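The residues making up each chain are set out below.
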Amino acid sequence: MGYDNKDDGITVAPNTPAYDVGVAEKAVLEAPQENELHRALKARHITMIAIGGAIGTGLIIGTGSALQKAGPGSILISYAFMGFIVYLVMCGLGEMATWLPRSSGFTGYAVRFCDPALGFALGYTYWFKYIIVTPNQLTAGALVIQYWLPADRVNPGVWITVFLVLIVFINYFGVGFFGEFEFWLSSFKVVVIVGLILLSFILMLGGGPDHDRRGFRYWKEPGAFNTYIDDGPAGRFYAFWATMVSATFAYLGTELVGVTVGEAQNPRKTIPRAIKLTFYRIVFFYVISVLLVGTLVPYNSKELAKANDASTASKASPSAASPFVIAVSLAGIPVLPHILNACILVFVFSAANSDLYIATRTIFGLAKEGKAPKILATTDRRGVPYVALALCSSIACIAYMNVSSSSKTVFKYFVDLVTIFGLLSWISLLVTHICFVKARQAQQVPKSELAYTAPLGVWGSYFALFWCIVVAFTKSFDVFTGGEFKYKTFITSYLGIPLYLILIFGYKFTMKSKRVLPHEADLYTDKDAIDREEAAYLAQQEAKRAAQSQNKGKLGWFYKTFVSWLF
């Protein structure tokens with residue numbers, strides 16, 4: 001007998017090794033049935049939430065400082081490399097999420113397959129990341145608005161308040177409304193990015209008002225690789241490695257597909273599709289965008305330096321933080337920089353909206369597992385965890401820090417914090433996937449039973465794990481250089497590591513938890529209920545398709561074949 005939706009007791013599937021679940025771990029299955037999320041997110045919602053969370057300040061704004069510091073060649077390599085790493089993370093996550101698409105998400109997998117202490121640390125690390133990245137997006141929104149209204153004319157706190165109230169209301173209206181709203185908002189982002197790529201390509205070939213055929217001129221002069229800290233090859237390597245933070249930050253959020261599985265319709269189909277398309281989106285949206293902007297803006301551009309200078313970022317100069325806006329301005333196109341800056345504002349708002357959603361669902365999942373106060377697992381009749389939403393919204397108010405400080409400075413501190421928490425989350429996910437594969441092999445579960453299999457298997461996770469650890473420890477090496485120890489940057493860059501270790505060992509010491517051995521890992525509890533739910537959903541969809549088969553024409557085939565991968 002397996003898990004049943006209407007009876008939240010613990011049962012174990014037949015032929016499954018006994019699993020000693022601790023009190024805290026049992027709580028997720030013993031919560032009252034009314035405290036449940038609703039499966040209201042459709043396939044198109046899931047894919048667009050993934051894009052909406054990934055295309056934000058990291059790509060649009062963060063690339064500017066990376067370009068100035070390291071040059072176009074360095075950022076192209078770093079963004080391509082980290083894109084491959086995040087794809088491996090997604091593949092490992094997808095293998096687990098399609099096996100057991102549960103609302104507890106990441107933490108549930110770590111508890112079952114690896115160690116309850118890792119699940120505890122991963123859950124809170126991921127929550128820390130999103131309660132910081134939400135005010136980070138609000139800060140970015142205030143920064144973008146300063147293109148028109150500098151801080152000395154309108155206090156940034158005004159815009160932060162407006163954005164915060166809006167995203168709280170959108171999240172409160174229910175997951176169905178949130179999914180639909182985010183779908184259209186993210187669709188707009190995709191259209192803008194595609195248009196931006198085409199515009200950049202045209203400008204590179206001399207199609208702008210100045211008819212200047214730039215090509216790869218700036219790759220020759222001032223060059224493809226800038227130097228940092230030192231001269232020569234060492235300086236170029238330091239510059240390249242310094243951009244790994246920007247590249248990592250740009251990709252943070254791609255993995256949030258794993259959080260949506262508890263509210264996804266037919267997750268075993270929608271999640272693999274979102275993951276498979278991740279690689280193509282990474283190449284198209286990130287790598288091509290970074291390549292083109294590097295051909296339009298030289299790394300020694302005065303406008304770029306002004307945009308990245310914290311001392312001038314709040315003044316009336318046109319210091320749009322995005323290098324894309326600078327590229328359009330340098331090409332001499334009137335009005336368009338204002339339009340593009342407005343589009344970037346929408347990007348930031350969409351990212352803030354999805355980030356608050358993920359923060360809420362993460363602490364909800366922790367509460368369901370007994371790792372956070374029970375009241376945070378309370379939902380209303382629409383399935384909205386309103387108590388968790390109120391808590392995360394309150395914490396987002398730390399964005400008001402930039403009322404008394406430079407927005408650019410606060411933004412940088414937030415980026416440092418978010419990046420280390422994001423890397424630690426990736427590391428935990430990769431370790432969990434490795435444990436999952438070992439458990440599957442120990443219990444002789446064939447690959448044919450998996451709805452999705454990671455293309456590079458466990459070795460891909462080992463490769464990604466190694467590089468995530470290397471980047472986590474070396475990402476802010478420059479705080480130790482230059483004669484003066486930058487203690488503020490050091491704290492924000494590495495605070496997450498000791499906190500992460502304290503969470504793991506503190507939980508193990510307090511709860512006396514033990515590592516889950518591969519042959520004892522619980523691979524089956526809940527699976528039969530999910531199987532039945534999937535079968536019912538597929539039968540319903542098959543009936544709908546049969547009724548609508550007469551309406552499908554060539555246009556639908558064209559969209560599905562050539563366009564749907566973008567959306």
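Since this is a predicted model, take the numbers as computed values, not measurements.

### Observations regarding the overall build of the protein
On a plain count of helices and strands, the protein comes out with 23 helices and zero strands. The burial tally for the protein puts 59% of its 567 residues in the buried class. Contacts spanning at least 24 positions in sequence make up 83% of the contacts within the protein whose residues lie at least 6 apart. Of the accessible surface of the protein, which amounts to about 22700 Å², a share of 66% is contributed by carbon and sulfur atoms.

### Some points on the packing of aromatic side chains
In this structure the tally under the stated criterion is 28 aromatic pairs. Considering the side-chain rings of Phe 169 and Phe 173, the 6.2 Å spacing of their centres and the 45° angle between planes classify their relative orientation as tilted. By relative accessible area, Phe 173 is classed as partly exposed at 45%. An angle of 40° between the planes, with centres 4.5 Å apart, marks the rings of Tyr 251 and Tyr 286 as tilted. Highlighted residues: Tyr 251 in helix H12 (residues 244-251) and Tyr 286 in helix H13 (residues 267-296), separated in sequence by 35 residues. On the basis of relative accessibility, which here comes to 3%, the residue Tyr 286 falls in the buried class. Sitting over the face of the ring of Phe 347, Lys 189 holds its NZ or CZ atom 5.6 Å from the ring centroid.

### Side note on the packing of helix H16 (residues 336-368) against helix H17 (residues 386-395)
Between H16 and H17, whose axes approach to 9 Å, the crossing angle comes to 125°. Accordingly, the angle class assigned to the pair H16 and H17 is oblique. Both H16 and H17 take part in a crossing whose hand is right-handed. On the side of H16, the interface is formed by Leu 356, Ala 359, Thr 360, Ile 363 and Phe 364, while H17 contributes Ala 388, Leu 389, Leu 391, Cys 392 and Ser 393. Across the contact of H16 with H17, the residue classes tally to eight nonpolar, two polar and no charged.

### Re the side chain of Thr 525
As for its placement among the helices and strands, Thr 525 is situated in the loop between helix H21 (496-511) and helix H22 (527-548). The exposure class of Thr 525 is buried, given its relative accessible area of 3%. Among the polar contacts made by the side chain of Thr 525, one reaches the side chain of Asp 522 at a distance of 2.8 Å.

### Details of the environment of Tyr 500
Within the element layout of this structure, Tyr 500 appears in helix H21. Assessed through its relative accessible area of 9%, Tyr 500 is described here as buried. Residues Tyr 500 and Leu 118 lie 382 residues apart in sequence; the distance between their C-alpha atoms is 9.3 Å. The contact partners of Tyr 500, leaving out residues within four places of it in the chain, are Leu 118, Ala 121, Thr 125, Leu 424 and Ser 428.

### What about the confidence of the model for the protein?
Detailed reading of predicted coordinates is not advised where the pLDDT is low. Averaged over every residue, the pLDDT of the protein is 78; the share at 70 or more is 77%. Within the model, the stretch residues 1-35 combines pLDDT values under 50 with 70 contacts to residues more than four positions away or in other chains. Note on residues 310-319: pLDDT under 50 across the span, and 20 contacts to partners over four residues away in sequence or across chains.

### A word on the packing of helix H7 (residues 116-145) against helix H8 (residues 156-172)
Relative orientation of the contacting elements H7 and H8 amounts to 130°, with a least axis distance of 9 Å. Looking at the two axes, H7 sits oblique to H8. The handedness of the crossing between H7 and H8 is right-handed. Here Thr 134, Leu 138, Gly 141, Ala 142 and Ile 145 of H7 come into contact with H8, specifically with Pro 156, Trp 159, Ile 160, Phe 163, Leu 164 and Ile 167.

### A few points about the pattern of salt bridges
What the rule picks out here adds up to four salt bridges. Note that Asp 212 and Arg 217 form a salt bridge whose closest N and O atoms lie 2.4 Å from each other. According to the relative accessible area criterion, Asp 212 is partly exposed, its value standing at 23%.

### Considerations on the nonpolar core
Within the largest apolar cluster, 154 residues are counted, with the highest numbers of intra-cluster contacts made by Phe 113, Tyr 124, Leu 138, Tyr 251, Ile 363 and Trp 426. Residues contacting Trp 426, with those up to four places away along its chain left out, are Met 82, Val 86, Val 89, Thr 248, Tyr 251, Leu 252, Glu 255 and Cys 468.

### Considering helix H15 (residues 323-330)
Burial within H15 is extensive, with six of its eight residues counted as buried. Those residues of H15 not exposed but buried are Pro 323, Phe 324, Val 325, Ile 326, Ala 327 and Val 328. Looking one or two residues past H15, Gly 332 carries a phi angle of roughly 80°, positive in sign.

### Looking at the side chain of Asp 380
Positionally, Asp 380 belongs in the loop between H16 and H17. Looking at Asp 380, its side chain comes within polar contact range of the main-chain nitrogen of Val 384, at 3.0 Å.

### Points about helix H19 (residues 457-474)
Here H19 contains 18 residues, and its C-alpha end-to-end distance of 27 Å stays within 8% of the 26 Å for a straight helix at 1.5 Å per residue. Buried within H19 are the following residues: Val 458, Gly 460, Ser 461, Ala 464, Leu 465, Cys 468, Val 471 and Ala 472. Angularly, the buried residues of H19 cover 145° about the axis, an arc narrow enough to put them on a single face. In H19, the exposed positions that point more than 90 degrees away from the buried face belong to Trp 459 and Phe 473.

Cut-offs applied
- Residues numbered from 1 in each chain as written.
- Predicted model: local features only at pLDDT ≥ 70, side-chain atom pairs only at ≥ 80, totals over all residues.
- Heavy atoms only, no water.
- Helix = DSSP H or I, 4+ residues; strand = E, 2+ residues; numbered from the N terminus.
- Buried < 20%, exposed > 50% of the residue type's maximum accessible area, 1.4 Å probe, protein only.
- Contact = heavy atoms within 4.5 Å.
- Areas by Shrake-Rupley, 256 points an atom, 1.4 Å probe, with all protein chains shown as cover.
- Phe/Tyr/Trp six-rings, centres within 6.5 Å; stacked < 30°, edge-to-face > 60°.
- Lys NZ or Arg CZ within 6 Å of the ring centre and 35° of its normal.
- Axes fitted to C-alpha atoms, helices over the stretch in contact; angles between N-to-C directions.
- Parallel < 35°, antiparallel > 145°, perpendicular 65-115°, else oblique.
- Left-handed = near helix turned anticlockwise from the far one by under 90°.
- Nonpolar A, V, L, I, M, F, W, Y, C, P; charged D, E, K, R; others polar.
- Polar contact = N/O pair within 3.5 Å; in protein donor to acceptor, adjacent residues only side chain to side chain.
- pLDDT = per-residue confidence, 0-100.
- Salt bridge = Lys/Arg side-chain N within 4 Å of Asp/Glu carboxyl O.
- Core = buried A, V, L, I, M, F, W, Y, C linked by side-chain atoms within 4.5 Å.
- Expected span 1.5 Å × (residues − 1).
- Arc of directions from axis to C-beta.

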